[in-house]
Amino acid sequence: MGVTANETSSSFYLPAIQLPFDLPDEPLPIAEVADLFGVTHRTLHFYEEKGLLHASRVGPMRVYYVEQLRRMAIINACREVGIGIAVIQEFLEELVTARSQDDADEIFRTTLARRKRELTADISHIHRQMQQIETLMTCEEEERPRIGTNPKSPALTDMERQCLSLMAEGYSPPRLARTLHIEFDDLRRIEADIIEKFQATNRFQAVAKAVLLGVVLN
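In this text the structure is predicted, and so the values were computed from the model without any measurement.

Rules behind the numbers
Residues numbered from 1 in each chain as written. Predicted model: local features only at pLDDT ≥ 70, side-chain atom pairs only at ≥ 80, totals over all residues. Heavy atoms only, no water. Phe/Tyr/Trp six-rings, centres within 6.5 Å; stacked < 30°, edge-to-face > 60°. Buried < 20%, exposed > 50% of the residue type's maximum accessible area, 1.4 Å probe, protein only. Lys NZ or Arg CZ within 6 Å of the ring centre and 35° of its normal. pLDDT = per-residue confidence, 0-100. Contact = heavy atoms within 4.5 Å. Helix = DSSP H or I, 4+ residues; strand = E, 2+ residues; numbered from the N terminus. Arc of directions from axis to C-beta. Salt bridge = Lys/Arg side-chain N within 4 Å of Asp/Glu carboxyl O.

Some words on the packing of aromatic side chains
In step 1: The final tally for this structure, using the stated rule, is two aromatic pairs.
In step 2: Pairing Phe 46 with Tyr 47 gives two aromatic rings, centres 6.1 Å apart and planes at 50°, and the pair type is tilted.
In step 3: By relative accessible area, which is 33% here, Phe 46 ends up partly exposed.
In step 4: Tyr 47 sits in the buried class, given a relative accessible area of 5%.
In step 5: Residue placement shows Arg 175 over the ring face of Tyr 171; its charged tip is 3.8 Å from the ring centre.
In step 6: Its end group placed over the ring of Phe 204, Arg 203 keeps NZ or CZ at 5.8 Å from the ring centre.

A word on the confidence of the model for the chain
In step 1: Mean pLDDT for the chain: 84, with 89% of residues reaching 70 or above.
In step 2: The model gives residues 1-11 a pLDDT under 50, and that stretch makes 15 contacts with residues more than four places away or in other chains.

What about helix α1 (residues 30-37)?
One turn of an α-helix holds 3.6 residues; hence residues three or four places apart share an orientation.
In step 1: Those residues of α1 not exposed but buried are Ile 30, Val 33, Ala 34 and Phe 37. Looking straight down α1, one finds that the buried residues subtend no more than 100° of arc, so they occupy a single side.
In step 2: Positive phi shows up at Gly 38, right after α1, with a value of about 65°.

Describing the pattern of salt bridges
In step 1: Within the structure shown, the criterion is met by seven salt bridges.
In step 2: Two residues, Arg 109 and Glu 106, come together in a salt bridge whose shortest N-O distance is 2.8 Å. Of this pair, Arg 109 and Glu 106 both sit in helix α5 (residues 101-143), separated by three residues, roughly a single helical turn.
In step 3: Residue Glu 191 is joined to Arg 188 by a salt bridge in which the shortest nitrogen-to-oxygen separation is 3.5 Å. With Glu 191 and Arg 188 both in helix α8 (residues 184-197) and three residues apart, this pair spans about one turn of that helix.
In step 4: A residue is classified by how much of its surface remains accessible, and Glu 191, at 3% relative accessible area, is buried.
In step 5: Owing to a relative accessible area of 42%, Arg 188 belongs among the partly exposed residues under this scheme.
In step 6: Salt bridges sharing common partners tie together Arg 188, Glu 191 and Arg 203.

Section: helix α6 (residues 158-168)
In step 1: Among all positions in α6, only Glu 160, Cys 163, Leu 164, Leu 166 and Met 167 are buried. For α6, the arc enclosing every buried residue in end-on projection is 165°, short of the 170-degree limit, so these residues lie on one face.
In step 2: Buried residues belonging to α6 abut α7 (173-180), α8 and α9 (203-213).
In step 3: Immediately beyond the C-terminal end of α6, within one or two residues, lies Gly 170, with a positive phi of roughly 95°.

Right under this line is the structure:
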């Protein structure tokens, strides 16, 4: 059996992590490695393409020696905490500079600490988004009339009711003016009065409040 330069490297240090299995004495074929780590052959090939792993050959078989199994265990650990392939590549390249086991362990701890900070930032971002959702939902609840109450609708002219009804159907301002046979400036004034009467900030909010109050049909 031929042994390539990638199979063993006494000068290369890897972080000491707990493995979920005992390291074998002999190289393992790709099928067994895939089963061992719960991945597919394609995943292992992908890691090889990215330079994260190196397979050897024993006759027609692709095999992985002990050092590559240890590398795979570290790659798996990184992937499980969401570390990207590019970062793993940089991490493994930095490991080459390690001159002792302590150096390798420290490089690994630094990589994990960086990922932990990223996750902490993600959590903060998610919390802000959740708070924003709660705020939006609360505003929606406050605007919706409660059961058993009869909120007073604003007094509208016939023209305003016609205009509001067409607004609810999605008519654009130019189309509204043509349909109601009024000048565009007159339409703008009517819309402004409707928005003010519903204490809204724009035509869409005025329509939404009108629907909630039952002034127009949804």
